[in-house]
Amino acid sequence: MEVRNGEPFQCPTGNQPQALGERAEGMETPIQVVLRVRPMNQAELRRGEQSVLHCSGPRTLRVSPLGGGQDVAFHFSVVMDGARTQDEVFQGSGVQRLVELALRGFSCTAFTFGQTGSGKTYTLTGPSPQGEGETVPPSLTGLMQRSFACLLDKVQNVGTPITLSASYLEIYNEQVRDLLSQRPHHHLPVRWNKTRGFYVEKLKAVKFGTFEEVMELLLEGLRRRRSSAHSLNEVSSRSHALFTIHIQCPVGCPSRPKEQTFGKLCFVDLAGSEKVAATCSRGELMLEASNINRSLLALGHCISLLLDPRQKKNHIPYRDSKLTRLLADSLGGSGITLMVACVSPSAQSLPETLNTLRYASRAQRVTTRAMPKDPLGPQRLGLEEEIQQLRQENLMLKQMLEQPLGHRASRRKGSRSGWAERSLYGMLQEFMLENQQLREEKHQLRSSRDCAQKEKQVLVQQLNELNRRLLCSAGRSVRCPPQHFCSPSLLCPCSVSPGHCQTPACHVLPPLCSCHCNQLCLLCYAPCAGSQLRQDQANQKESTADLKHYINRREGSLLPGYLPSQIFSELPPLHVFGAQTKTPWKMEVSSPQVQTQTIAPPPGPNLKEHPVKRKSSEWAWAHFLAETLAKEETSGRASQVMPSAPPLPQGPCSTPWRPGGVPSASRMLEEELEVLRDQIDCTLHLGQGKPPSSQEKHFGSGQHLPPC
Ligand SMILES: Nc1ncnc2c1ncn2[C@@H]1O[C@H](COP(=O)(O)OP(=O)(O)OP(=O)(O)O)[C@@H](O)[C@H]1O
């Protein structure tokens, strides 16, 4: 063991301040103070000064008074003499422990203080670079660089992604300036709130992930930091500087797996106290010295008050200076603090050294209540209260909704007090419920409407198909134009009649009245060519009432008890021209007073707009055909018709018609009439709701009819 000044001396290595952060969370933890004595500098050696400080143990410093007398002993957590290297200081100061605690979410601070030129900046960052671009040799790097390396090493080993960011500020002449900002002379305000305590507004925090990145930030700030030369120090810092690393650990970190932590590691390089007379400061230097001393005095005052437990609970004047505001949490809050007191061994500096030693002695009796940093704590508390309130409200609303509707309604109708009891929120809930029910109802109605529309469409198609068959049957001999032959819509002769514009209207029935309905085509309800109605419709002034009237009139003729012959007696015999005729879709009336008439032009999209009317007309047409054919058959006119009629096709109408010889016209006619009767009967059964024949039974509702 080394012997110094006649006493055993053990070099302080490893984490000497074992107490640092090892106490339970929330327990009082004293500030750890490390004393470092720098070696004599060249100037002091030149002056032949003697050292008045002697390290008599790892934790004891003896001060030899000038002019003789008994030594005064000071005890600290660690005492390091001038022979200790930078690495030994790092290893023995307990900074590594601070790094670990910061990673666990604590707010940790290491700051150096002492008189000017005592080695504070040297301890934290090493010697000042000798020239532009020069770097500090690794062996001389200070606590900060070594702590950065240590932190990054630990972060890598943690395994979970940890967010690191750094901020760097200085307090120069009681003004806070951002050393990482492009505008370092811009002053930033110091604010306070319940969540964060004191903080610097708009202070830049730069994220980093590597040692090079954080070193870049440090050097950038050091370059901007204010320093001047005076008689005691060639590179004297004129401001207090705070370099803070913010450590954000997500949930799942090994140290605190259940919660997110926000640790902080802050390095504070205080400006040195100085006697203006000793430094020969003038002008700006003197102003700076004055501000430095004032803020250090405020710091000392706070520390003194913090020593008294009763005072500590009352009021600590942190607001006396920017420095004390920003160190409030480190001194008397929930942080963990390490102070490195730097002193010069020179006898000339002894009064200042004694001040520093007393200062440090007091500081190490100050305790903090170490707690992990949780900036969301107060917010979380508020949120928990809010959640509790919402839960209660939710319960109340559920109870209201569970009440029977009638009961609620009666309450609504009840007394005024009952109405007043209902909160606005409750009303809103009820309206929302009703709204939901109405929506559902609307949805159901809409879907049933869609179903009905689809069914209607199918029925219309079926009706069209029946019509087409009927027309095919009625005009077997007529060869449908290919483009219309397979059309699912009604093949009214009007729709295919060429040259209808030049020919008269397609009336096949005599007029029943003098109204507009008589100017409509019986089949398709299109206005007959040349009619007044057609002109009216062209002007889009015709109302649907006319159509209705017409249908009623036509349908009335088919009512039971009304003889069709009463209608048809007025009719001339009908001849349907076949493929042999030059105008295949021309319907000829053999009456002398009624000329051959071409049926009106196709009605277009209006066809589908009146399915019910169309239906009535189909039946009317069916009846008409049936009656006409029956008349022709019975009156023996068939033979008269035959000469102008084409030979009837064999088989279904889709079968191509083959012109050729007619073996027996009367036999064919009979057969054809039989087929027509069957089809008309079939159609009438379907339309009038009569039981279908065996042939029809396989046509289900909603199914398309097979082609004829
Ligand atoms: N332990 C040490 N070993 C060698 N040189 C040192 C040591 N401590 C300080 N020095 C030197 O002493 C001089 C003053 O040190 P430093 O600038 O760190 O003092 P300071 O306390 O920061 O002064 P100020 O308060 O004026 O900024 C520097 O040249 C520095 O290199």
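For the structure, check the block above.
Please read these numbers as outputs of a predicted model, since none were measured by experiment.

## A word on the sheet that holds strand β5 (residues 53-57)
The three strands are arranged β5-β6-β7 in an open sheet whose pairing can be described as antiparallel. The sheet is open, and its two edges are formed by β5 and β7 (72-75), each paired on a single side. Taking each pair of neighbouring strands and ignoring which way they run, the sheet shows an average axis angle of 30°. As paired strands, β5 and strand β6 (residues 60-63) are joined by four bridges and run antiparallel to one another. Counted as the bridge partner of G57 is T60 from β6.

## Remarks on the nonpolar core
In terms of nonpolar packing, the biggest core is built from 49 residues, with L35, L61 and L299 touching the most fellow members. The leading source of residues in this core is helix α8 (residues 283-307), at seven residues. Other than its neighbours up to four places away in sequence, L35 contacts L61, F76, V78, V79, M80, A341, V343 and L357.

## Considerations on the site of the ligand
Around the ligand sit 16 residues in total, of which T116, K120, T121, S236 and S237 are the nearest. A distance of 2.8 Å separates an oxygen atom of the ligand from a polar side-chain atom of T121. In the model, an oxygen atom of the ligand is placed 2.8 Å from a nitrogen or oxygen of the Y122 main chain. Coverage of the ligand by the protein amounts to 79% of the 620 Å² it exposes when considered alone. Of all the secondary structure elements, the ones that give two or more residues to the shell around the ligand are α4 (120-125) and β17 (233-237). If you tally residues by element for the shell around the ligand, the top one is β17, at four residues. Taken together, the residues of the shell around the ligand sort by class into three nonpolar, ten polar and three charged.

## Quick notes on helix α3 (residues 95-103)
Summarising burial for α3: eight of the nine residues are buried, a large majority. Buried within α3 we find V95, Q96, R97, L98, V99, L101, A102 and L103. The first or second residue beyond α3 is G105, which carries a positive phi of 105°.

Criteria and thresholds
- Residues numbered from 1 in each chain as written.
- Predicted model: local features only at pLDDT ≥ 70, side-chain atom pairs only at ≥ 80, totals over all residues.
- Heavy atoms only, no water.
- Pairing = 2+ DSSP bridges.
- Helix = DSSP H or I, 4+ residues; strand = E, 2+ residues; numbered from the N terminus.
- Axes fitted to C-alpha atoms, helices over the stretch in contact; angles between N-to-C directions.
- Core = buried A, V, L, I, M, F, W, Y, C linked by side-chain atoms within 4.5 Å.
- Buried < 20%, exposed > 50% of the residue type's maximum accessible area, 1.4 Å probe, protein only.
- Contact = heavy atoms within 4.5 Å.
- Near = heavy atom within 4 Å.
- Polar contact = N/O pair within 3.5 Å; in protein donor to acceptor, adjacent residues only side chain to side chain.
- Areas by Shrake-Rupley, 256 points an atom, 1.4 Å probe, with all protein chains shown as cover.
- Nonpolar A, V, L, I, M, F, W, Y, C, P; charged D, E, K, R; others polar.

It is worth stressing that arrangement in space is one thing and function is another; only the former is reported here.
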